[in-house]
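Structural features, examined
So the chains spell out like this:
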Amino acid sequence: MARYLIVASRDMTEYSNGPSLSDLSENLRTEGADVFFFLIENGVLSARKDSREAIRLSELSGPGIRVMADDVSCRARGIDRLHPGIALSSMDELADAISEGFGNIYWY
Amino acid sequence: MLQEEAEDGILTKKVRKVAIVISTGSYMREAPTTVLRLAEKLLERDIEVNIWAFEEAVTLTNREQVEHSEPPSLRKVIGDKHAYVGKFIDQLLRAGLHTSKLDWVTCILCAQERGVEHHQMNGVIVGTLGDLWKFVRSADQVIAIPAYR
Amino acid sequence: MASNVLVVFEKPIYLSFEPVDPHLFATALGVADTPLEISLLLRDSAVNYAVRKQQVSLKILGQEIMEANTSPGNVLSFMLEHGAKIRVVSQHMEVRGIHVDDVIDGVEVIDEREIARLVREHDSVIVW
(Lines give C-alpha, C1' and ligand atoms only; values in the text may rest on other atoms or scores of the structure.)
Protein backbone atom coordinates (compact mmCIF):
# COMPACT_ATOMS: atom_id res chain seq x y z
CA MET A 1 0.00 0.00 0.00
CA ALA A 2 1.28 3.50 -0.83
CA ARG A 3 2.33 5.60 2.14
CA TYR A 4 2.61 9.36 2.20
CA LEU A 5 4.17 11.69 4.75
CA ILE A 6 2.70 15.12 5.37
CA VAL A 7 4.71 17.36 7.68
CA ALA A 8 3.11 20.53 9.02
CA SER A 9 5.75 22.93 10.37
CA ARG A 10 3.54 26.04 10.41
CA ASP A 11 0.65 27.07 12.60
CA MET A 12 -2.10 25.95 10.23
CA THR A 13 -4.49 28.48 11.76
CA GLU A 14 -2.38 31.35 10.41
CA TYR A 15 -2.53 30.46 6.74
CA SER A 16 -5.66 30.41 4.63
CA ASN A 17 -4.45 27.21 2.98
CA GLY A 18 -3.65 25.46 6.28
CA PRO A 19 -6.85 23.42 6.39
CA SER A 20 -6.13 22.14 2.87
CA LEU A 21 -3.63 19.71 4.44
CA SER A 22 -6.55 17.87 5.98
CA ASP A 23 -8.21 17.72 2.55
CA LEU A 24 -4.99 16.38 1.02
CA SER A 25 -4.79 13.66 3.70
CA GLU A 26 -8.41 12.71 3.22
CA ASN A 27 -8.04 12.54 -0.56
CA LEU A 28 -4.94 10.34 -0.30
CA ARG A 29 -6.78 8.01 2.08
CA THR A 30 -9.77 7.87 -0.24
CA GLU A 31 -7.42 6.71 -2.99
CA GLY A 32 -6.25 3.88 -0.76
CA ALA A 33 -3.05 5.30 0.71
CA ASP A 34 -1.80 5.41 4.29
CA VAL A 35 -0.96 8.88 5.55
CA PHE A 36 1.50 9.86 8.29
CA PHE A 37 0.62 13.40 9.38
CA PHE A 38 3.49 14.77 11.45
CA LEU A 39 3.27 18.09 13.30
CA ILE A 40 6.54 19.85 14.11
CA GLU A 41 7.80 23.38 14.95
CA ASN A 42 4.79 25.75 15.07
CA GLY A 43 2.73 22.99 13.46
CA VAL A 44 2.28 21.48 16.93
CA LEU A 45 0.12 24.46 17.90
CA SER A 46 -2.56 22.44 16.09
CA ALA A 47 -2.08 19.52 18.49
CA ARG A 48 -3.14 21.23 21.71
CA LYS A 49 -6.38 19.88 23.14
CA ASP A 50 -9.45 21.83 21.99
CA SER A 51 -7.62 23.94 19.42
CA ARG A 52 -9.65 24.44 16.26
CA GLU A 53 -7.23 22.55 14.00
CA ALA A 54 -6.76 19.76 16.55
CA ILE A 55 -10.49 19.07 16.45
CA ARG A 56 -10.31 18.84 12.66
CA LEU A 57 -7.21 16.61 12.76
CA SER A 58 -8.69 14.29 15.36
CA GLU A 59 -11.70 13.77 13.09
CA LEU A 60 -9.27 12.68 10.36
CA SER A 61 -7.23 10.42 12.61
CA GLY A 62 -8.09 6.76 12.35
CA PRO A 63 -7.68 3.95 9.85
CA GLY A 64 -5.37 5.18 7.09
CA ILE A 65 -4.29 8.41 8.78
CA ARG A 66 -1.99 8.68 11.81
CA VAL A 67 -1.54 12.14 13.32
CA MET A 68 1.58 12.70 15.43
CA ALA A 69 3.20 15.66 17.18
CA ASP A 70 6.93 16.14 17.77
CA ASP A 71 7.79 15.95 21.48
CA VAL A 72 10.57 18.59 21.45
CA SER A 73 8.32 21.10 19.66
CA CYS A 74 5.45 20.46 22.10
CA ARG A 75 7.62 20.84 25.22
CA ALA A 76 9.14 24.08 23.91
CA ARG A 77 5.64 25.52 23.46
CA GLY A 78 4.29 24.34 26.80
CA ILE A 79 1.84 21.95 25.13
CA ASP A 80 1.13 19.31 27.77
CA ARG A 81 -2.30 18.13 26.63
CA LEU A 82 -2.87 16.75 23.15
CA HIS A 83 -6.26 16.40 21.54
CA PRO A 84 -7.54 12.80 21.41
CA GLY A 85 -6.41 11.12 18.20
CA ILE A 86 -3.09 12.99 18.11
CA ALA A 87 -0.14 11.01 19.47
CA LEU A 88 3.07 12.37 20.98
CA SER A 89 5.94 11.34 18.74
CA SER A 90 9.63 12.08 18.20
CA MET A 91 12.31 12.70 15.61
CA ASP A 92 13.35 9.07 16.03
CA GLU A 93 9.88 7.92 15.00
CA LEU A 94 9.91 10.30 12.03
CA ALA A 95 13.36 9.06 10.92
CA ASP A 96 12.22 5.44 11.31
CA ALA A 97 9.21 6.14 9.13
CA ILE A 98 11.29 7.92 6.47
CA SER A 99 13.80 5.07 6.45
CA GLU A 100 10.96 2.70 5.56
CA GLY A 101 10.13 4.90 2.58
CA PHE A 102 7.19 7.02 1.50
CA GLY A 103 5.64 7.45 -1.91
CA ASN A 104 6.23 11.15 -1.37
CA ILE A 105 6.90 13.65 1.37
CA TYR A 106 4.90 16.89 1.42
CA TRP A 107 6.47 19.40 3.83
CA TYR A 108 4.26 22.35 4.72
CA MET B 1 12.87 6.11 -6.45
CA LEU B 2 12.98 3.45 -3.78
CA GLN B 3 15.20 0.45 -4.46
CA GLU B 4 13.73 -2.98 -3.93
CA GLU B 5 15.90 -5.56 -2.25
CA ALA B 6 15.45 -9.24 -1.55
CA GLU B 7 15.82 -10.12 2.12
CA ASP B 8 15.26 -13.80 2.89
CA GLY B 9 13.37 -14.05 -0.36
CA ILE B 10 11.01 -11.19 0.53
CA LEU B 11 11.13 -8.02 -1.54
CA THR B 12 11.47 -4.97 0.70
CA LYS B 13 12.06 -1.33 -0.11
CA LYS B 14 15.09 0.39 1.36
CA VAL B 15 15.82 4.06 1.68
CA ARG B 16 19.53 4.61 1.21
CA LYS B 17 19.70 8.26 0.23
CA VAL B 18 17.68 11.30 1.29
CA ALA B 19 17.97 14.73 -0.32
CA ILE B 20 17.01 17.73 1.82
CA VAL B 21 16.50 21.16 0.28
CA ILE B 22 16.52 24.13 2.63
CA SER B 23 16.20 27.82 1.80
CA THR B 24 16.14 29.56 5.18
CA GLY B 25 18.86 30.87 7.44
CA SER B 26 18.90 30.32 11.19
CA TYR B 27 18.42 32.62 14.21
CA MET B 28 14.94 33.65 13.04
CA ARG B 29 13.70 30.28 11.85
CA GLU B 30 13.51 26.81 13.34
CA ALA B 31 13.76 24.99 10.00
CA PRO B 32 17.57 24.65 10.02
CA THR B 33 17.37 23.16 13.52
CA THR B 34 14.84 20.63 12.26
CA VAL B 35 17.09 19.74 9.33
CA LEU B 36 20.04 19.12 11.67
CA ARG B 37 17.87 17.00 13.97
CA LEU B 38 16.59 14.93 11.07
CA ALA B 39 20.00 14.58 9.41
CA GLU B 40 21.49 13.26 12.65
CA LYS B 41 18.78 10.62 12.98
CA LEU B 42 19.01 9.56 9.32
CA LEU B 43 22.81 9.24 9.50
CA GLU B 44 22.38 7.05 12.59
CA ARG B 45 20.25 4.78 10.42
CA ASP B 46 23.03 4.48 7.79
CA ILE B 47 21.15 6.66 5.34
CA GLU B 48 23.19 8.98 3.11
CA VAL B 49 22.03 12.57 3.46
CA ASN B 50 22.51 15.22 0.77
CA ILE B 51 21.65 18.72 1.90
CA TRP B 52 21.30 21.43 -0.71
CA ALA B 53 21.30 24.92 0.78
CA PHE B 54 19.61 27.64 -1.21
CA GLU B 55 19.12 31.39 -0.68
CA GLU B 56 19.51 32.40 3.00
CA ALA B 57 20.51 28.85 3.95
CA VAL B 58 23.98 29.45 2.45
CA THR B 59 24.73 31.57 5.53
CA LEU B 60 24.31 28.55 7.82
CA THR B 61 27.79 27.35 6.84
CA ASN B 62 29.54 30.71 6.98
CA ARG B 63 32.75 29.85 8.86
CA GLU B 64 32.99 33.35 10.35
CA GLN B 65 30.22 32.66 12.90
CA VAL B 66 31.45 33.28 16.46
CA GLU B 67 30.02 33.21 19.94
CA HIS B 68 29.24 36.68 21.22
CA SER B 69 28.51 38.11 24.64
CA GLU B 70 24.91 38.97 25.43
CA PRO B 71 23.92 42.47 26.66
CA PRO B 72 24.78 42.71 30.41
CA SER B 73 21.28 43.71 31.46
CA LEU B 74 19.78 40.58 29.90
CA ARG B 75 22.33 37.98 31.04
CA LYS B 76 20.20 37.08 34.03
CA VAL B 77 17.49 35.82 31.69
CA ILE B 78 19.23 34.82 28.43
CA GLY B 79 22.67 33.81 29.69
CA ASP B 80 26.18 35.02 28.79
CA LYS B 81 26.44 33.63 25.27
CA HIS B 82 24.84 31.06 23.00
CA ALA B 83 25.80 28.37 20.55
CA TYR B 84 25.88 29.13 16.83
CA VAL B 85 24.48 26.89 14.14
CA GLY B 86 27.73 26.43 12.20
CA LYS B 87 29.33 24.57 15.08
CA PHE B 88 26.66 21.87 14.91
CA ILE B 89 26.85 21.58 11.12
CA ASP B 90 30.62 21.15 11.39
CA GLN B 91 30.13 18.38 13.93
CA LEU B 92 27.51 16.64 11.78
CA LEU B 93 29.85 16.76 8.78
CA ARG B 94 32.55 15.17 10.94
CA ALA B 95 30.07 12.59 12.24
CA GLY B 96 29.43 11.76 8.59
CA LEU B 97 33.06 10.63 8.31
CA HIS B 98 32.35 7.71 10.60
CA THR B 99 28.72 6.87 9.92
CA SER B 100 26.88 7.30 6.69
CA LYS B 101 27.86 10.11 4.37
CA LEU B 102 26.62 13.69 4.66
CA ASP B 103 27.13 16.07 1.75
CA TRP B 104 26.34 19.74 2.31
CA VAL B 105 26.23 21.81 -0.87
CA THR B 106 25.56 25.55 -0.97
CA CYS B 107 24.28 27.29 -4.08
CA ILE B 108 27.10 29.33 -5.63
CA LEU B 109 24.76 32.04 -6.92
CA CYS B 110 23.20 32.56 -3.49
CA ALA B 111 26.62 32.50 -1.79
CA GLN B 112 28.03 35.08 -4.19
CA GLU B 113 25.03 37.37 -3.71
CA ARG B 114 25.60 37.29 0.01
CA GLY B 115 29.39 37.56 -0.09
CA VAL B 116 29.90 34.22 1.63
CA GLU B 117 31.26 32.12 -1.26
CA HIS B 118 34.79 32.27 0.14
CA HIS B 119 33.67 32.00 3.75
CA GLN B 120 32.20 28.49 3.67
CA MET B 121 33.38 26.11 6.36
CA ASN B 122 35.58 23.13 5.59
CA GLY B 123 33.69 20.16 4.25
CA VAL B 124 31.01 22.25 2.54
CA ILE B 125 30.89 22.19 -1.25
CA VAL B 126 29.95 25.32 -3.17
CA GLY B 127 27.85 23.86 -5.96
CA THR B 128 25.42 24.73 -8.68
CA LEU B 129 21.73 24.50 -9.36
CA GLY B 130 22.63 21.42 -11.39
CA ASP B 131 23.68 19.73 -8.15
CA LEU B 132 20.19 20.28 -6.76
CA TRP B 133 18.62 18.31 -9.58
CA LYS B 134 21.31 15.60 -9.40
CA PHE B 135 20.52 15.20 -5.69
CA VAL B 136 16.81 15.02 -6.43
CA ARG B 137 17.34 12.53 -9.24
CA SER B 138 19.50 10.19 -7.18
CA ALA B 139 17.53 10.36 -3.91
CA ASP B 140 15.14 7.71 -2.63
CA GLN B 141 13.31 10.44 -0.72
CA VAL B 142 13.24 14.20 -1.28
CA ILE B 143 12.41 16.59 1.53
CA ALA B 144 12.00 20.22 0.54
CA ILE B 145 11.48 22.67 3.39
CA PRO B 146 9.42 25.62 2.10
CA ALA B 147 10.64 29.15 2.75
CA TYR B 148 7.24 30.44 3.74
CA ARG B 149 6.82 33.88 5.22
CA MET C 1 9.47 61.83 20.06
CA ALA C 2 7.98 58.57 21.17
CA SER C 3 7.71 57.88 24.87
CA ASN C 4 5.44 54.85 24.79
CA VAL C 5 5.75 52.07 22.26
CA LEU C 6 3.48 49.16 21.42
CA VAL C 7 5.45 46.12 20.31
CA VAL C 8 3.38 43.49 18.53
CA PHE C 9 4.33 39.83 18.21
CA GLU C 10 2.54 37.70 15.64
CA LYS C 11 4.65 34.60 15.02
CA PRO C 12 6.62 32.74 17.68
CA ILE C 13 10.17 31.59 17.00
CA TYR C 14 11.58 28.68 18.98
CA LEU C 15 14.81 26.67 18.78
CA SER C 16 16.50 28.94 16.28
CA PHE C 17 19.94 28.85 17.98
CA GLU C 18 19.19 32.17 19.66
CA PRO C 19 18.50 31.96 23.43
CA VAL C 20 14.99 33.19 22.57
CA ASP C 21 13.28 34.89 19.63
CA PRO C 22 15.66 37.82 18.88
CA HIS C 23 12.67 40.17 18.71
CA LEU C 24 11.82 39.23 22.28
CA PHE C 25 15.25 39.98 23.65
CA ALA C 26 15.52 43.19 21.61
CA THR C 27 12.24 44.23 23.23
CA ALA C 28 13.47 43.14 26.67
CA LEU C 29 16.53 45.35 26.21
CA GLY C 30 14.26 48.30 25.46
CA VAL C 31 12.24 47.55 28.59
CA ALA C 32 15.23 47.11 30.91
CA ASP C 33 17.70 49.67 29.56
CA THR C 34 15.72 52.62 28.19
CA PRO C 35 13.29 55.21 29.58
CA LEU C 36 10.66 54.19 27.01
CA GLU C 37 7.39 52.74 28.23
CA ILE C 38 7.08 49.54 26.27
CA SER C 39 3.93 47.45 26.05
CA LEU C 40 3.71 44.08 24.35
CA LEU C 41 0.77 42.73 22.42
CA LEU C 42 0.78 38.99 21.75
CA ARG C 43 -1.56 38.07 18.94
CA ASP C 44 -2.08 35.30 16.36
CA SER C 45 0.24 32.35 17.01
CA ALA C 46 2.50 34.49 19.23
CA VAL C 47 -0.15 34.14 21.97
CA ASN C 48 1.77 30.96 22.75
CA TYR C 49 4.58 33.04 24.28
CA ALA C 50 2.25 33.72 27.23
CA VAL C 51 1.85 30.04 28.09
CA ARG C 52 3.37 28.64 31.28
CA LYS C 53 5.85 25.73 31.35
CA GLN C 54 7.61 26.29 28.04
CA GLN C 55 10.67 24.02 28.19
CA VAL C 56 12.94 24.92 25.30
CA SER C 57 15.65 22.31 25.12
CA LEU C 58 17.21 20.19 22.40
CA LYS C 59 20.32 18.09 22.02
CA ILE C 60 22.09 17.55 18.71
CA LEU C 61 24.94 15.01 18.77
CA GLY C 62 24.53 14.90 22.54
CA GLN C 63 25.07 18.63 23.04
CA GLU C 64 22.43 21.05 24.25
CA ILE C 65 21.85 23.84 21.73
CA MET C 66 19.94 26.02 24.19
CA GLU C 67 22.77 26.77 26.63
CA ALA C 68 20.96 29.55 28.49
CA ASN C 69 18.10 27.31 29.65
CA THR C 70 15.58 30.08 29.13
CA SER C 71 12.25 30.42 27.36
CA PRO C 72 9.96 33.12 25.96
CA GLY C 73 7.94 32.79 29.17
CA ASN C 74 11.02 33.62 31.28
CA VAL C 75 11.71 36.70 29.16
CA LEU C 76 8.09 37.85 29.51
CA SER C 77 8.35 37.48 33.29
CA PHE C 78 11.61 39.48 33.19
CA MET C 79 9.86 42.27 31.28
CA LEU C 80 6.91 42.26 33.68
CA GLU C 81 9.36 42.62 36.58
CA HIS C 82 10.81 45.65 34.79
CA GLY C 83 7.44 47.36 34.42
CA ALA C 84 6.29 46.32 30.95
CA LYS C 85 2.62 45.70 30.27
CA ILE C 86 1.93 42.52 28.35
CA ARG C 87 -1.41 41.74 26.75
CA VAL C 88 -2.60 38.64 24.93
CA VAL C 89 -5.66 38.37 22.67
CA SER C 90 -8.31 36.02 24.04
CA GLN C 91 -9.87 35.06 20.69
CA HIS C 92 -6.46 34.05 19.33
CA MET C 93 -5.84 31.96 22.46
CA GLU C 94 -9.19 30.25 22.20
CA VAL C 95 -8.69 29.10 18.62
CA ARG C 96 -5.42 27.48 19.76
CA GLY C 97 -6.89 25.76 22.80
CA ILE C 98 -5.12 28.02 25.32
CA HIS C 99 -7.10 28.70 28.50
CA VAL C 100 -6.81 31.73 30.77
CA ASP C 101 -5.38 29.40 33.44
CA ASP C 102 -2.50 28.55 31.09
CA VAL C 103 -1.26 32.14 30.99
CA ILE C 104 1.72 33.45 32.97
CA ASP C 105 0.83 35.60 36.00
CA GLY C 106 0.81 39.29 35.19
CA VAL C 107 -0.11 38.95 31.52
CA GLU C 108 -3.46 40.59 30.77
CA VAL C 109 -5.94 38.76 28.56
CA ILE C 110 -7.79 41.24 26.34
CA ASP C 111 -10.54 41.19 23.73
CA GLU C 112 -9.50 41.57 20.10
CA ARG C 113 -11.49 44.84 19.86
CA GLU C 114 -9.06 46.46 22.33
CA ILE C 115 -6.24 46.34 19.78
CA ALA C 116 -7.60 49.53 18.17
CA ARG C 117 -7.47 51.33 21.52
CA LEU C 118 -3.87 50.21 22.05
CA VAL C 119 -2.83 51.46 18.62
CA ARG C 120 -4.46 54.83 19.41
CA GLU C 121 -2.87 55.15 22.84
CA HIS C 122 0.75 54.53 21.85
CA ASP C 123 3.16 56.95 20.14
CA SER C 124 4.78 54.25 18.01
CA VAL C 125 3.98 50.70 16.95
CA ILE C 126 6.54 48.05 16.09
CA VAL C 127 5.18 44.87 14.52
CA TRP C 128 7.84 42.17 14.49
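Residues numbered from 1 in each chain as written. Chains lettered and ligands numbered in written order. Predicted model: local features only at pLDDT ≥ 70, side-chain atom pairs only at ≥ 80, totals over all residues.

All names here are of chain B. Buried residues dominate strand β5 (residues 102-107), accounting for 5 of its 6 residues. The sheet contact formed by strand β4 (residues 48-53) and β5 spans 5 bridges and is parallel. Paired with Ile51 across the two strands is Trp104, which belongs to β5. The parallel pair β5 and strand β6 (residues 124-127) is bridged by helix α4 (residues 108-113), and the resulting crossover is right-handed. (Buried ≥ 20, exposed ≤ 12 C-beta atoms within 10 Å, placed from the backbone. Helix = DSSP H or I, 4+ residues; strand = E, 2+ residues; numbered from the N terminus. Pairing = 2+ DSSP bridges. Right-handed = clockwise from strand over helix to strand, strands pointing away.)

Here we take up the sheet that holds strand β7 (residues 141-145) of chain B. All names here are of chain B. The strand order across the open sheet built from 5 strands is β6-β5-β4-β3-β7, with neighbouring strands paired in parallel fashion. Only two strands of the sheet have a single partner each, and these edge strands are β6 and β7. Strand-to-strand twist across the sheet, computed as the mean angle between neighbouring axes with direction ignored, equals 20°. Its contacts with the sheet put helix α1 (residues 31-44) on β3 (17-22), β4, β5 and β7, and the angle it makes with β3 is roughly 170°. (Axes fitted to C-alpha atoms, helices over the stretch in contact; angles between N-to-C directions. Contact = placed C-beta atoms within 7 Å.)

Residue and element names in this part refer to chain C. Between helix α1 (residues 22-33) and helix α2 (residues 72-81), the shortest axis-to-axis distance is 10 Å and the interhelical angle comes to 15°. Of the possible angle classes, the one that applies to α1 and α2 is roughly parallel. Here α1 and α2 pass one another in a crossing that is left-handed. Contact residues: α1 offers Leu24, Phe25, Ala28 and Val31, while α2 offers Pro72, Val75, Phe78 and Met79. Of the residues belonging to the contact of α1 with α2, the class tally is 8 nonpolar, no polar and no charged. (Parallel < 35°, antiparallel > 145°, perpendicular 65-115°, else oblique. Left-handed = near helix turned anticlockwise from the far one by under 90°. Nonpolar A, V, L, I, M, F, W, Y, C, P; charged D, E, K, R; others polar.)

For the rest of this paragraph, the subject is unusual backbone geometry. Residue and element names in this part refer to chain C. One non-glycine residue, Lys53, lies in positive phi territory at about 60°. Among the secondary structure elements, Lys53 is positioned in the loop between β2 (37-42) and β3 (59-60). You will see that Asn69, though not glycine, has its phi angle at about 50°, which is positive. Of the residues examined, Asn69 has 13 C-beta atoms within 10 Å and is grouped as partly exposed.

Grouped together as the largest cluster of nonpolar side chains are 118 residues, with contacts concentrated most on Val18(B), Ile20(B), Ile22(B), Ala39(B), Ala53(B), Leu42(C) and Ala50(C). Here this core takes 7 residues from α1(B), the largest share from any one element. Look past the residues within four positions of Val18(B) in its chain and what remains in contact with it is Ile98(A), Leu42(B), Ile47(B), Val49(B), Ala139(B), Asp140(B), Gln141(B) and Ile143(B). (Core = buried A, V, L, I, M, F, W, Y, C linked by C-beta atoms within 7 Å.)

What follows covers the environment of Val119(C). All names here are of chain C. Secondary-structure assignment places Val119 in helix α4 (residues 114-121). Its 12 C-beta neighbours within 10 Å are what place Val119 among the exposed residues. Taking the C-alpha atoms as reference, Val119 lies 13 Å from Ala2; in sequence the two are 117 residues apart. Non-local contacts of Val119, meaning those with residues more than four positions away in its chain, are made with Leu6 and Val125.

So, about the interface of chain C and chain B. At the interface, 24 residues of chain C touch 23 residues of chain B. Elements that contribute at least two residues to the side of chain C that touches chain B include exactly α1 and α2 of chain C. Top element by residues in the side of chain C that touches chain B is α1(C). It accounts for 6 residues. Of the residues contributing to the side of chain C that touches chain B, the split by class is 18 nonpolar, 3 polar and 3 charged.

Turning our attention to the sheet that holds strand β3 (residues 65-70) of chain A. Residues and elements named next belong to chain A. Strand order in the open sheet formed by 5 strands is β4-β3-β2-β1-β5, and the pairing between neighbours is parallel. Lying at the two open borders of the sheet, with one neighbouring strand each, are β4 (86-89) and β5 (104-107). Strand-to-strand twist of the sheet, defined as the mean angle between neighbouring strand axes without regard to direction, takes the value 25°. Where strand β1 (residues 3-8) and β5 come together, 4 bridges link them in parallel fashion. Looking across to β5, one finds that Tyr4 is bridged to Asn104. Those strands touched by helix α1 (residues 20-30) are β1, β2 (34-39), β3 and β5, and its axis lies near 175° from that of β1.

Attention now goes to the packing of α1(A) against helix α2 (residues 52-60) of chain A. Residue and element names in this part refer to chain A. Close contact between α1 and α2 brings their axes to 11 Å; oriented N to C, the two are set at 0°. The orientation of α1 with respect to α2, classified from their angle, is roughly parallel. In this structure, α1 uses Ser22, Ser25 and Glu26 to contact α2, whose residues at the interface are Arg56, Leu57 and Leu60. In terms of residue class, the contact of α1 with α2 is made up of 2 nonpolar, 2 polar and 2 charged.

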